[in-house]
Amino acid sequence: MTETSRLYIKQIEAGPMANFIYLVGDRQTRECVMVDPAWEVDRILRIAAEDDMKVTAGLATHYHYDHTNGIGDLLTQANVPVYIHKADAPYLKEIQKEVKKVDSGSKLKIGGIEITFIHTPGHTPGSQCFLINGNLVSGDTLFINACGRCDLPGGNAEELYHSLQLLGKLDENTILFPGHNYEEGRTVSTIGDEKRQNPYYQLKSLRDFLNLR
Ligand SMILES: [Zn+2]
């Protein structure tokens, strides 16, 4: 199998806030990670099992409750390591003792598939995106035609601006998998389409961005 045909990515909507939870892994070794374990971990584990995939780790894009409220369930039901950026770990309160803290540039190998962690602060101090062979799972940093808010604890508009600039440097064909189903009828995009259409990429300066946020 080529690296592209080995790649398994499944987008699953769950919870009252239209969260997207992702399973990402290797079709050949049948291993995958669960990105943003929340709301219905048992159902998502069942979906993985129906695809004959075994969940071997959990990854959190950021600490917010709607992306992490299933970490406890994942730890109990699958007993796998769960990773979050070190700057967001303290916000997890009690359960932070049971998660692994990572830094920007960390990599995780799932079978033959490599996941690169990109620190994209702004929505939260430890927000991170996951880059997997030309696919970006972006959490609440970049949405289709929108970006994350920065008025919640730890949010910072200036950092979010720089994080969006960083993501804008990725290959234009990179497929974007956002953290919520916020855009009627569209569940994936590309970095190139966002740079052409997303209003936040049309702003010419940090000052314009700060005026809007
Ligand atoms: Zn969030």
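Preceding this paragraph is the structure being described.
**With respect to the overall build of the protein**
Piece 1. Of the regular secondary structure elements, the protein holds seven helices and 14 strands.
Piece 2. At 16 Å, the protein has a C-alpha radius of gyration in line with the 17 Å of a compact globule built from 213 residues.
Piece 3. The C-alpha extent of the protein, read off along each of the three principal axes, is 45 × 40 × 30 Å.
Piece 4. Classification of the 213 residues of the protein by burial places 44% in the buried group.
Piece 5. Taking the intrachain contacts of the protein between residues at least 6 apart in sequence as the baseline, contacts between residues at least 24 apart amount to 57%.

**Looking at the nonpolar core**
Piece 1. Counting 54 residues, the largest nonpolar core has Val24, Cys32, Val33 and Val35 as its most contacted members.
Piece 2. When residues in this core are grouped by element, the largest group, five residues, is from strand E2 (residues 19-26).
Piece 3. Aside from chain neighbours lying at most four places away, what touches valine 33 is Val24, Gly25, Val55, Thr56, Ala57, Gly58, Leu59 and Ile110.

Parameters and conventions
- Residues numbered from 1 in each chain as written.
- Predicted model: local features only at pLDDT ≥ 70, side-chain atom pairs only at ≥ 80, totals over all residues.
- Helix = DSSP H or I, 4+ residues; strand = E, 2+ residues; numbered from the N terminus.
- Rg over C-alpha atoms; globule rule 2.2 N^0.38 Å.
- Buried ≥ 20, exposed ≤ 12 C-beta atoms within 10 Å, placed from the backbone.
- Contact = placed C-beta atoms within 7 Å.
- Core = buried A, V, L, I, M, F, W, Y, C linked by C-beta atoms within 7 Å.

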